[in-house]
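# Notes for the structure review
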Amino acid sequence: MAVTTYIGTRNKELTASASEAILRGICPDGGLYIPKEIPKMDVQPEVLMQMDYRELAFAVLRLYLDFTEEELRDCINRAYDEKFDTEAIAPLVKKGDALFLELFHGRTLAFKDMALSILPYLMKTAAKRQGQKEEIVILTATSGDTGKAALEGFANVDGVKIMVFFPEDGVSPVQKLQMTTQEGENTCVVGIKGNFDDAQSAVKRMFTDEKLQEALAAKGYRFSSANSINIGRLVPQIVYYYWAYIQAVQAGEIAWGDKLNATVPTGNFGDLLAGWYAARMGLPIGHFVCASNDNKVLYDFFRTGTYDKNRPFYVTVSPSMDILISSNLERLLCHMGGQDKTKAEMAALQANGVYQTDITQTDISAEYATQEETFAAIREVYAKTGYVIDPHTAVAYAAYRKYRQESGDQTPMVIVSTASPYKFTKDVMTALDARYANGDAFALMQELENVSKISIPAPIRGLKDRPIRHTRVCEKENIQDTVKEWLLS
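These numbers were taken from a predicted model, which means no experiment stands behind them.

Rules used throughout
- Residues numbered from 1 in each chain as written.
- Predicted model: local features only at pLDDT ≥ 70, side-chain atom pairs only at ≥ 80, totals over all residues.
- Heavy atoms only, no water.
- Axes fitted to C-alpha atoms, helices over the stretch in contact; angles between N-to-C directions.
- Helix = DSSP H or I, 4+ residues; strand = E, 2+ residues; numbered from the N terminus.
- Parallel < 35°, antiparallel > 145°, perpendicular 65-115°, else oblique.
- Left-handed = near helix turned anticlockwise from the far one by under 90°.
- Contact = heavy atoms within 4.5 Å.
- Nonpolar A, V, L, I, M, F, W, Y, C, P; charged D, E, K, R; others polar.
- Buried < 20%, exposed > 50% of the residue type's maximum accessible area, 1.4 Å probe, protein only.
- Arc of directions from axis to C-beta.
- Pairing = 2+ DSSP bridges.
- Right-handed = clockwise from strand over helix to strand, strands pointing away.
- Core = buried A, V, L, I, M, F, W, Y, C linked by side-chain atoms within 4.5 Å.

## Let's talk about the packing of helix 15 (residues 329–337) against helix 16 (residues 339–352)
- In the contact formed by helix 15 and helix 16, the axes pass within 7 Å of each other and the chain directions differ by 140 degrees. By the criterion of interaxial angle, the relationship of helix 15 to helix 16 is oblique. Classified by chirality, the crossing of helix 16 by helix 15 is right-handed. On the side of helix 15, the interface is formed by Glu-330, Leu-333, Cys-334 and Gly-337, while helix 16 contributes Gln-339, Lys-341, Thr-342, Glu-345 and Met-346.
- Split by residue class, the contact of helix 15 with helix 16 holds three nonpolar, three polar and three charged.

Shown next as structure tokens:
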């Protein structure tokens, strides 16, 4: 089995095996792990075309992980099972002239399930391979979906504790209740008076705080991450780009070898980066459209080469994209310009909130959608096809329309659909009819069921009536103190 070596984005001398990188989560200097070389797919197309999702996952992940075949197949089979409500795991559906890759059929109804269903098993296997004795503490910041998916994956896993920070006033009512009702003696959920960037920055600082690490070690703990800063979260996402391509060929939309484009709604950039890795492995993806909401820092970057987080922060109807510090972009920067340049860019971002670079990635362009355009996209898709999409997918649909109009590129396009509309019931129903603007998100689920002709998903039926188990709220400046209180007191 091939073994990929990982190196740091700020120092190529920082090397790690896959198991080491997964356990550490982040480099000691604050950088991220990337493959020293992106492997090439070595399975022939006619063989790939016969695979189901689990077999495909093995074909991809064996190129990135230092596990035995038995270990990796066990992780995959445990992850992609009846937790998903369709045997396809991530079906590709055609609605009108658009192809939607539905990544929301897992337990938390969001694309984060695709990777966070397998990460706990990867982490436990990595710990065993490394002979790690300390209890793992998963420290995670979330803009809405990662938190619940991580909690679901790690709840009641022996040898692991998980602590999730989310913006108290920056997630949907369904997202919030999914987290605050989470069961599991090893779980802790904390709302912060701030935004996702505040939480993510605090979490990343704790990973490089030597005194805190020493205090944790004395108690038998070791930090790791479930965010996409962890390479073990990122590489499983590569699989569903291959899966989308295979399904497009099977449906007769393209022939193998034809280009297939992808529009990806993204804030932290991991979802798009996984597709970029797939393309570098040899998958014939022609072009990526990076879709942003009003927090359009990535749109501005790909249009101008200037990354500037010094701007207003907007709470939008697509909260998982409400991000101004896009962590995974650092990985792309390193692949483009190398470690020295990336280190300088990250230092400039930390010191001044801005950096500039030459954009050489001609296969990535950017579009964005305002809230009005997002709502219009939901209405348009429903009016034309009867298909109901969530606000994040709507941002991508609006971006897809803009890209085609501006570029004239008519290459078949996959729209990466990242969440069920049921996670954002009130906003979806308001987009369809303004009279729902003052409605209750949970009461409106029945209305959405009537409109969409899709039953309320089992994981959120009765969610409003579940007991609240997590009530902690802290100021953004007190995140580290809150971690210490939970772990060290």
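## Describing helix 15
- Of the positions making up helix 15, those classed as buried are Leu-329, Glu-330, Arg-331, Leu-332, Leu-333 and Cys-334.
- Gly-338 occupies a position one or two residues after helix 15 and carries a positive phi of about 90 degrees.

## A closer look at helix 4 (residues 69–79)
- All of the buried residues along helix 4 are Leu-72, Cys-75, Ile-76 and Ala-79. Down the axis of helix 4, the buried set is contained in an arc of 95 degrees. They therefore lie on one face.
- Where helix 4 is buried, its residues contact helix 3 (53–61) and helix 6 (119–130).

## Some thoughts on the pairing of strand 7 (residues 160–167)
- Among the eight residues of strand 7, eight are classified as buried, and the element is accordingly described as predominantly covered.
- On strand 7, burial covers both faces: Val-160, Ile-162, Val-164 and Phe-166 on one face and Lys-161, Met-163, Phe-165 and Pro-167 on the other are all buried.
- Of the pairings in the sheet, the one linking strand 6 (residues 135–141) to strand 7 comprises six bridges and is parallel in character. By the bridge assignment for strand 7, Ile-136 is matched with Val-160.
- In the sheet, strand 7 pairs with strand 8 (residues 187–193) via six bridges, with the strands oriented parallel. Among the inter-strand pairings, Met-163 is bridged to a residue of strand 8, identified as Cys-188.
- Crossover connection from strand 7 via helix 8 (residues 173–180) to parallel strand 8: handedness right-handed.

## Focus: unusual backbone geometry
- Phi at Asn-156 is positive, roughly 65 degrees, even though this residue is not glycine.
- Its location among the elements puts Asn-156 in the loop between helix 7 (146–154) and strand 7.
- Here Asn-156 falls in the exposed class, since its relative accessible area comes to 55%.

## A closer look at the nonpolar core
- Tyr-64, Ile-238, Tyr-241, Tyr-242, Phe-269, Phe-302 and Leu-329 are the most contacted members of the largest nonpolar core, which totals 112 residues.
- Element by element, the count of residues in this core is highest for helix 12 (residues 238–250), at eleven residues.
- Among all residues touching Ile-238, those that are not within four sequence positions of it are Val-60, Tyr-64, Ala-274, Tyr-277, Ala-278 and Met-281.
- Within the second largest apolar cluster, 45 residues are counted, among which are Phe-100, Phe-424, Tyr-436 and Val-451.

Nothing here speaks to function; it is geometry throughout.
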